[in-house]
Amino acid sequence: MNFKLRKYMGPNFNEEKFLNAPNVSYEEVKIEGVAPDNYHAMSIYPEYFKIDGKWILAKESRMDGVVVINDNLELEVKEFRNLKMGDKVIVGRTEDASEGIYLHANGFSQIDYEKDIFAFRGERSRETSYTKDYEQLYELLKYEKENGYVVWVLGPAAVFSKGSRDAMAKLIEEGYVDALLGGNAVATHDLEAGMFNTALGQDIYTLEPKHNGHYHHLDLLNKARKASSIEKLIESENINSGIIHACVKNNVPIVLAGSIRDDGPLPIVISDVYKAQDMMRSHIKKATTVICLATQLHSIATGNMTPSYRVIDDKIRPIYFYSVDVSEFAVNKLRDRGSLEVTTIVTNIQDFLVKLKENLA
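These numbers come from a predicted model, not from an experiment.

Colleague: I keep staring at the overall build of the chain and nothing clicks. Help me out?
Modeller: Along its length, the chain carries eleven helices and 17 strands. A compact globule built from 361 residues would reach a C-alpha radius of gyration of about 21 Å, and the chain, at 22 Å, matches this within 12%. Across its three principal axes, the chain shows a C-alpha extent of roughly 75 × 55 × 35 Å. Long-range contacts, defined as pairs at least 24 residues apart, comprise 69% of the intrachain contacts of the chain with a sequence gap of at least 6. Accessible area for the chain stands at about 18,600 Å²; split by element, carbon and sulfur atoms hold 47% of it. Charge centroids of the chain, computed over 43 positive and 52 negative side chains, lie 2 Å from each other.

Right, here's the structure in full:
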């Protein structure tokens, strides 16, 4: 295997602008959940803060969070809603070291100065060649299986086809999935397929609509709520295939965030969106690779809490982030929302998952 992590090149803190920079300023929280004026909001990139003459990296970051200095002079990035009275929140809107704050956006860059400035087809679209992306992803996932923490974010398109459903389940069984994030629908229709071989009443192989098939997902939800847990449902209904079955069998954590349009929902769904966000972030804090498939809202939500780096054993490594969808609009929307380091692939989800399975499992 030829895969190597991109090397991180940190700032040279012996430069004059760093040596002459002031210590960072902070103000205490006066109202719970409310940051002081002029708070500093985080990006996806590594950011350093000068405290007592030393430049300190925020080790666990997230976009749009604010930075709190604790009693040990360590940095914690918090959501506004998690701010407590007396928290020392860093203030300052510059990122060039002039206020003791420095954003280092090019730490993982591999700039090729020989490339032409003008070139055709610079954006990612359905016309883009993804051969290299697939080959790099195969090698990355082989590496991460032994060394990382891979979080998958799935929409229901992953289970509407027998091929994609079987492929994803196989990837879980082979150890390429460390956590699964999504909503009520992906799990509901996966379990519906396990009971009825349908998704929204349509056969997942032949695509034939079944008689009274529109009841299938509702029957599934009702049975799940009667069973009171996914595990008991799988046992009582003898479900022996699919993504959720594979997660339960292989002890892969599942986080399903509720929405206002959910049916049921399943017993596992977290209806409080902020509790769901906290659970999602508990896995993103460990993630080294994130792969989002065919779910625009969950992809953007995950992207907003995923930085471009992770600190492991005091070493800074990149987080690899993929967004895959048949819609160019969906994958480009994630970049529009600030996840600038995302690798986008425009393709059918069944084709994507089957390719991965064939090359990995």
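Colleague: Where do I start with the packing of helix H4 (residues 184-196) against helix H5 (residues 216-227) in this structure?
Modeller: Each pair of packed helices can be described by the angle between their axes along with the distance between the axes. For the pair H4 and H5, the least separation of the axes is 9 Å and the interaxial angle reads 100°. One element, H4, and the other, H5, form an angle in the roughly perpendicular class. Here H4 contributes Asn184, Thr188, His189, Leu191, Glu192, Met195 and Phe196 to the contact with H5, which in turn contributes His216, His217, Asp219, Leu220, Leu221 and Lys223.

Colleague: When you look at the environment of Ala169 in this model, what are you seeing that I'm missing?
Modeller: If you trace the backbone, Ala169 turns up in helix H3 (residues 162-173). In the structure, Ala169 is positioned 17 residues away from Val186 in sequence and 13 Å away in space, judged by C-alpha atoms. With residues near it in sequence (within four places) discarded, Ala169 still touches Gly242, Ile243 and Ala246.

Colleague: I tried to follow empty space enclosed by the protein on my own but got confused; where do I start?
Modeller: To locate leftover empty space, one rolls a probe as large as a water molecule over the atoms. Counted according to the given criterion, the structure contains three cavities of 30 Å³ or more. Reported here for the largest cavity is a volume of approximately 60 Å³. A class-by-class count of the residues in the lining of the largest cavity yields six nonpolar, three polar and one charged. Cys292, Leu293, Ala294, Thr295, Gln296, Ser299, Ser323, Val324, Asp325, Ala330, Val331 and Leu334 are the residues that line the second largest cavity. Elements represented by at least two residues in the lining of the second largest cavity include exactly strand E13 (289-293), helix H9 (296-304), strand E16 (320-325) and helix H10 (328-336).

Colleague: I would appreciate a short explanation of H10 in the present structure.
Modeller: Side chains three or four residues apart in an α-helix point the same way, a direct result of the helix having 3.6 residues per turn. Three or more residues of H10 are buried, namely Ala330, Val331 and Leu334. Summarising the axial view, the buried residues of H10 lie within an arc of 95°, below the 170-degree limit, and thus occupy one face. Turned more than 90 degrees away from the buried face of H10, the exposed residues are Phe329 and Asp336. In the core, the buried residues of H10 are packed alongside H9, E16 and strand E17 (343-346). Capping of H10 at its N-terminal end is provided by Ser327; its side-chain oxygen lies 3.2 Å from the backbone amide nitrogen of Phe329.

Colleague: Got a minute to help me understand the state of the cysteines in this structure?
Modeller: Cysteine pairs can be linked by a disulfide, which is a covalent bond between their two sulfur atoms. Under the criterion given, the structure shown has zero disulfides. Cys292 provides the cysteine sulfur closest to Cys247, a residue in no disulfide bond, and the two sulfurs are 15 Å apart.

Colleague: When you look at the nonpolar core in this model, what are you seeing that I'm missing?
Modeller: Nonpolar side chains tend toward joint burial in soluble globular proteins. Counting residues in each nonpolar core, the largest one holds 55 residues, and the members touching the most others are Trp152, Leu266, Phe352, Leu353 and Leu356. The dominant element in this core, judged by the number of residues it contributes, is helix H2 (residues 131-147), at six residues. Apart from the residues lying within four places of it in its own chain, the contact partners of Leu266 are Asn184, Ala187, Thr188, Leu191, Leu220, Leu221, Ala224, Ile230 and Leu256.

Colleague: I would appreciate a short explanation of H9 in the present structure.
Modeller: Those residues of H9 that fall on the buried side of the exposure criterion are Ser299, Ile300, Thr302 and Gly303. Down the axis of H9, the buried side of the element spans an arc of 165°, and every buried residue falls inside it.

What counts and what doesn't
Residues numbered from 1 in each chain as written. Predicted model: local features only at pLDDT ≥ 70, side-chain atom pairs only at ≥ 80, totals over all residues. Heavy atoms only, no water. Helix = DSSP H or I, 4+ residues; strand = E, 2+ residues; numbered from the N terminus. Rg over C-alpha atoms; globule rule 2.2 N^0.38 Å. Contact = heavy atoms within 4.5 Å. Areas by Shrake-Rupley, 256 points an atom, 1.4 Å probe, with all protein chains shown as cover. Lys, Arg positive; Asp, Glu negative; His and termini not counted. Charge placed at Lys NZ, Arg CZ, Asp CG, Glu CD. Axes fitted to C-alpha atoms, helices over the stretch in contact; angles between N-to-C directions. Parallel < 35°, antiparallel > 145°, perpendicular 65-115°, else oblique. 1 Å grid on protein atoms, 1.4 Å probe; cavity = no way out; pocket = protein on both sides within 12 Å on 5 of 7 lines; lining within 4 Å. Points joined across faces, edges and corners; volume = space filled by probe spheres on them. Nonpolar A, V, L, I, M, F, W, Y, C, P; charged D, E, K, R; others polar. Buried < 20%, exposed > 50% of the residue type's maximum accessible area, 1.4 Å probe, protein only. Arc of directions from axis to C-beta. Polar contact = N/O pair within 3.5 Å; in protein donor to acceptor, adjacent residues only side chain to side chain. Disulfide = S-S within 2.5 Å. Core = buried A, V, L, I, M, F, W, Y, C linked by side-chain atoms within 4.5 Å.

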